[in-house]
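The chain contents come next:
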Amino acid sequence: MTANNLKKKDLDWGNLGFSYMKTDYRFVATWKDGSWTEGETITEEMMQIHEGSPALHYGQQCFEGLKAQTAKDGRVLLFRADLNAERLSNTANRLLMPSVPKELFMKGVEETVRNNYAWIPPHGSGASLYIRPLLIGVGENLGLRPATSYEFRVFVSPVGPYYKGTGLSLISLAVTDYDRAAPRGTGYVKAGANYAGGLLSTKSAQEIGANEALYLDSAERKYLDEAGSANIVLSLKDGTIVTPKSAAILPSVTRRSIMVLAKEELGLTTEERPVELLKELTKIEEMAACGTAAVISPVGKIFVNGQWHTFYKDGKEVGPTMLKLYELLTQIQKGERQDPYGWTQEVVIS
Ligand code: PLP
Ligand code: COI
């Protein structure tokens, strides 16, 4: 690490959106003939891959998303990266791709964060370093079959809030007529193809003024699944915290953490179970979308059955439960609060 690498970039950290910004280094490893290379750090952001690559034609491709944050004392912290490594491995198995060993995943993540230290937003800026690991099937191919070689890459980008606004702003969701994932399909893994199919739902949601689409289960179209890029958490009027149980949704690291915090820190009853939206709508006091990019985004209103339905205080204020959960979660992530769960892990910079 040179002194130049340690000098922070001169960015308007507080006003970053969620978009790609080219940083200096990325990590690349390749798989061929049954084994992974040890991986190397490179500067080139453009990839040269064969035009027949299964990632391009048949969507044999997947990714992960996690963040690094700067703590008050300057330490750089990852949040539950082991769960992202595990999920990438589950995704790879589902898509007949070689799984990335946890050690290689962590090496790629840590090296890329360390090498791009200058791009990690400072503590208190409200921004963080988004880490995007991806795994793609490459090489000459035409028929429908798995690739014969694979690239694992990790790049990073400093980001602000995912939805427009700052910090904890209210969002709205629109129930879409399209399905995202079938019960025995690929909804429970982070396959890029799931997202391509959702672009039209997001566009339609945005056309009626919502931030993004809200999906119902595709078998019965009755139960809540998730939002386009986040899971859903509910605070019911009886004080229970509920999250939809579904075989077709991504097992969100953020949601799993929130459920622990609600139970252990707030002493609330928590349930993971199917949620029949129309039947339970009036029981919901607060709703939030949650994920690495979304953090905890309280939902003020949803568009369902041709009309808007509002939650806490007519959808005009962030409710107290989601506010508390947001504080608990983000304080742990930023090292501002004791982490009794061992969720944060320091990336040693030099
Ligand atoms: N659901 C979908 C479809 C997502 O893309 C994401 C983002 O990763 C999530 C949920 C939230 O998952 P996590 O909290 O692990 O980021
Ligand atoms: C994340 O939250 O990490 C995601 O992958 C969501 C993505 C659509 C930005």
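Note that the structure is a prediction, hence the values are computed from the model and not measured. (Residues numbered from 1 in each chain as written. Chains lettered and ligands numbered in written order. Predicted model: local features only at pLDDT ≥ 70, side-chain atom pairs only at ≥ 80, totals over all residues. Heavy atoms only, no water.)

### Some thoughts on the overall build of the chain
- A count of helical and extended segments in the chain gives ten helices and 18 strands.
- Its C-alpha radius of gyration of 20 Å places the chain within 12% of the 20 Å reference for a compact globule of 350 residues.
- When the backbone C-alpha atoms are referred to their principal axes, the chain occupies close to 55 × 55 × 35 Å.
- The buried share of the chain, reckoned over its 350 residues, is 51%.
- Both charge centroids of the chain, one from 39 positive and one from 41 negative side chains, sit 2 Å from each other. (Helix = DSSP H or I, 4+ residues; strand = E, 2+ residues; numbered from the N terminus. Rg over C-alpha atoms; globule rule 2.2 N^0.38 Å. Buried < 20%, exposed > 50% of the residue type's maximum accessible area, 1.4 Å probe, protein only. Lys, Arg positive; Asp, Glu negative; His and termini not counted. Charge placed at Lys NZ, Arg CZ, Asp CG, Glu CD.)

### A word on the domain arrangement of the chain
- If you check the domain split of the chain, you get domain 1 (3–160) and domain 2 (171–333).
- The centre of domain 1, based on its C-alpha atoms, is set 26 Å off from the matching centre of domain 2.
- Listed as interface residues are 20 residues of domain 1 and, on the opposing side, 22 residues of domain 2.
- Summed over both sides, the interface between domain 1 and domain 2 buries roughly 1700 Å², with carbon and sulfur atoms accounting for 63% of that surface.
- Taken together, the connections running from domain 1 to domain 2 amount to zero salt bridges.
- The interface formed by domain 1 and domain 2 includes seven residue pairs in polar contact (both at pLDDT 80 or more).
- Mapped by element, the contributors of at least two residues to the side of domain 1 that touches domain 2 are β4 (61–63), β5 (66–70), β6 (76–79) and α3 (81–94).
- Considering each element in turn, the side of domain 1 that touches domain 2 owes the most residues, six residues, to α3.
- Here the side of domain 1 that touches domain 2 is composed, by residue class, of nine nonpolar, six polar and five charged. (Domains from an automatic or database assignment. Contact = heavy atoms within 4.5 Å. Buried area = accessible area lost by both parts, 1.4 Å probe. Salt bridge = Lys/Arg side-chain N within 4 Å of Asp/Glu carboxyl O. Polar contact = N/O pair within 3.5 Å; in protein donor to acceptor, adjacent residues only side chain to side chain. Nonpolar A, V, L, I, M, F, W, Y, C, P; charged D, E, K, R; others polar.)

### What to know about the site of ligand 2
- By nearness alone, every residue bordering ligand 2 is listed as Phe-18, Phe-63, Gly-65, Tyr-130, Arg-132, Tyr-162, Lys-190, Ser-229, Thr-292 and Ala-293.
- One of the side-chain nitrogen or oxygen atoms of Tyr-130 is found 2.6 Å away from an oxygen atom of ligand 2.
- At 2.8 Å, a backbone N or O of Ala-293 approaches an oxygen atom of ligand 2.
- For ligand 2, whose unbound accessible area comes to 280 Å², protein coverage reaches 89%. (Near = heavy atom within 4 Å. Areas by Shrake-Rupley, 256 points an atom, 1.4 Å probe, with all protein chains shown as cover.)

### A word on the packing of aromatic side chains
- This structure, assessed with the given rule, holds twelve aromatic pairs.
- Between Trp-36 and Phe-152, the ring centres sit 6.4 Å apart and the planes meet at 80°, which makes this aromatic pair edge-to-face. Of this pair, Trp-36 sits in strand β2 (residues 35–36) while Phe-152 sits in strand β8 (residues 149–159), and the two are 116 residues apart along the sequence. Neither residue differs from the other here; Trp-36 and Phe-152 are each classed as buried.
- Following the ring pairs from residue to residue traces out a cluster consisting of Phe-18, Tyr-130, Tyr-162 and Tyr-163.
- Positioned over the ring face of Tyr-117 is Lys-8, at 3.8 Å from the centre of the ring.
- A cation over a ring is seen here: Lys-301 above Trp-308, with NZ or CZ 4.3 Å from the ring centre. (Phe/Tyr/Trp six-rings, centres within 6.5 Å; stacked < 30°, edge-to-face > 60°. Lys NZ or Arg CZ within 6 Å of the ring centre and 35° of its normal.)

### Considerations on the side chain of Ser-89
- Note that Ser-89 resides in helix α3.
- For Ser-89, a relative accessible area of 18% puts it in the buried group.
- A distance of 3.4 Å separates the side chain of Ser-89 from the side chain of Ser-99, its partner in a polar contact.

### Structural notes on the packing of α3 against helix α4 (residues 102–115)
- Viewed as axis vectors pointing N to C, α3 and α4 meet at an angle of 125°, and their least axial separation amounts to 10 Å. In terms of axis orientation, α3 runs oblique to α4. For α3 against α4, the interelement crossing comes out right-handed. Between α3 and α4, the residues in contact are Ala-81, Asp-82, Asn-84, Ala-85 and Leu-88 and Lys-102, Phe-105 and Met-106, respectively.
- Residue classes in the contact of α3 with α4 are distributed as five nonpolar, one polar and two charged. (Axes fitted to C-alpha atoms, helices over the stretch in contact; angles between N-to-C directions. Parallel < 35°, antiparallel > 145°, perpendicular 65-115°, else oblique. Left-handed = near helix turned anticlockwise from the far one by under 90°.)

### Digging into the site of ligand 1
- Within the structure, ligand 1 sits among 16 residues, and Tyr-195, Glu-226, Ser-252, Thr-254 and Thr-292 are positioned closest to it.
- One of the side-chain nitrogen or oxygen atoms of Tyr-195 is found 2.5 Å away from an oxygen atom of ligand 1.
- Relative to its unbound accessible surface of 380 Å², ligand 1 loses 97% to contact with the protein.
- The set of elements that each furnish at least two residues to the shell around ligand 1 consists of α7 (253–264) and β15 (284–291).
- Residue classes in the shell around ligand 1 are distributed as five nonpolar, seven polar and four charged.

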